[in-house]
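# Structural overview for review
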Amino acid sequence: MRKRPFIGLAAGVAAAGAATFAYSSLIERNMFTLRRFDVPVLEPDAEPLRILHISDLHMMPSQARKQAWVAALIGTDPDLVVVTGDNLSDPAAVPGVLRALDPFLSLPGAFVFGSNDYRGPVWGNPLRYVLPGSREYVQGVELPTEELRGALADGGWADLNNARTVVKAGGRSIELVGVDDPHVDRDDYASVSGPISGGADLHIGVTHTPATRVLDAMAADGFSLLLAGHTHGGQVCVPFYGALTTNCDLPHAMAKGLHRWPGSDVWLHVSAGLGTHPTAPIRFACRPEASVLTLIPR
């Protein structure tokens, strides 16, 4: 008689687990969501400026729905578009990424790359992201990085991989600085560091991985808004608790959304991104997202 309640409980747990997996893999990971934030970084009486922040597409060639959803964001009427990397998940995905981003290439834009713009995914145990201990980065198939870089640069977007420049957007002069992906030690902020330009109206730092060494350095140089991706917002979150991992040294409480960078008056926006690693195609309590940041006076 004692076995029956145990068997019933085990069956219930298994059914709940199967339902949760089906929801997170078939439904929530396709529930693309637009977030909106007001960011008080402009001078008094300045007109608002809209930034569309897109990250972590992890595009596969067959993901036509994702491509169409991103392309439709042109309706948000952004002044500036910033893409913070991990665009690719397959060697044949560049056309899909460009279908998603093509409506924006006539606008001012900038980009950095993530590790998955250089090398493809490698199958492995997804629990390695939440288990203690260091994780060695394993490189997969080589991706067409330069094809994507060339297409975005030919569209007029600023390549911010270890670079610094000034762009015009929304009638303003915007100083941008960026690094290549710190997650795989491609960052070289020292080569572009230095105090912000007094001649620019706004100063923005861009990185794929929100590594604290990079964010601290950008904040120290006076950049008032920092943009990053990489974390997927935790990807699998616990309701009423939040992310279990950021896959870097960023505090879990800052895994997504808009936050004050500690010890400064700098704002950090971390996008939870629009894709998933192909080896872990699930999201739970963490919808895929893009964000419109409306910059307003302090």
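Everything below is about the structure shown above.
## Considerations on the sheet that holds strand 14 (residues 289-297)
Here we have 6 strands laid out as an open sheet, ordered 1-14-2-3-4-5, and mixed in their pairing. Every interior strand has two partners, whereas the edge strands, strand 1 (33-42) and strand 5 (158-159), have only one.

## Remarks on the sheet that holds strand 9 (residues 225-228)
One open sheet holds the 6 strands; their spatial order is 6-7-8-9-13-12, and the pairing between them is mixed. Of all strands in the sheet, those with a lone pairing partner are strand 6 (163-169) and strand 12 (257-260), marking the two edges. Neighbour-to-neighbour, the strand axes of this sheet turn through a mean angle of 25 degrees, independent of strand direction. Bridge count for strand 12 against strand 13 (residues 267-270) is 4 bridges, and the pairing is antiparallel. Within the sheet, the bridge partner assigned to arginine 260 lies in strand 13 and is tryptophan 267.

## Here's the deal with the pattern of salt bridges
Where charged atoms from two side chains of opposite charge approach closely, those side chains can pair. Scanning the model with the defined rule gives 9 salt bridges in all. With its nearest N and O atoms 3.0 Å apart, the salt bridge here joins glutamate 289 to arginine 35. Taken together, the positions of glutamate 289 in strand 14 and arginine 35 in strand 1 put the pair 254 residues apart, joining distant regions of the chain. For glutamate 289, a relative accessible area of 3% gives the class buried. A salt bridge links aspartate 77 to arginine 50, with the shortest nitrogen-to-oxygen separation between them at 3.1 Å.

About the criteria used
Per chain, the residues get numbers from 1 upward, laid out in the order the sequence is written. Local features in a predicted model are, by the rule used here, given only for residues with pLDDT of at least 70; side-chain atom pairs are given and counted only at 80 or more, and totals for whole chains, interfaces and linings are based on all residues. Side-chain numbers come from the whole structure's heavy atoms, not from hydrogens or water. When DSSP finds at least two bridges between two strands, those strands are taken to pair. Helix and strand assignments come from DSSP, with helices taken as H or I runs of at least 4 residues and strands as E runs of at least 2, each series counted from the N terminus. Axis definition: a line fitted to C-alpha atoms, limited for helices to the stretch in contact. Angles are taken between N-to-C directions and run from 0 to 180 degrees. In the sections that follow, a salt bridge refers to a side-chain nitrogen of Lys or Arg positioned within 4 Å of a carboxyl oxygen of Asp or Glu. Exposure classes here rest on a 1.4 Å probe applied to the protein chains alone. A residue is buried below 20% of its type maximum, exposed above 50%, and partly exposed in between.

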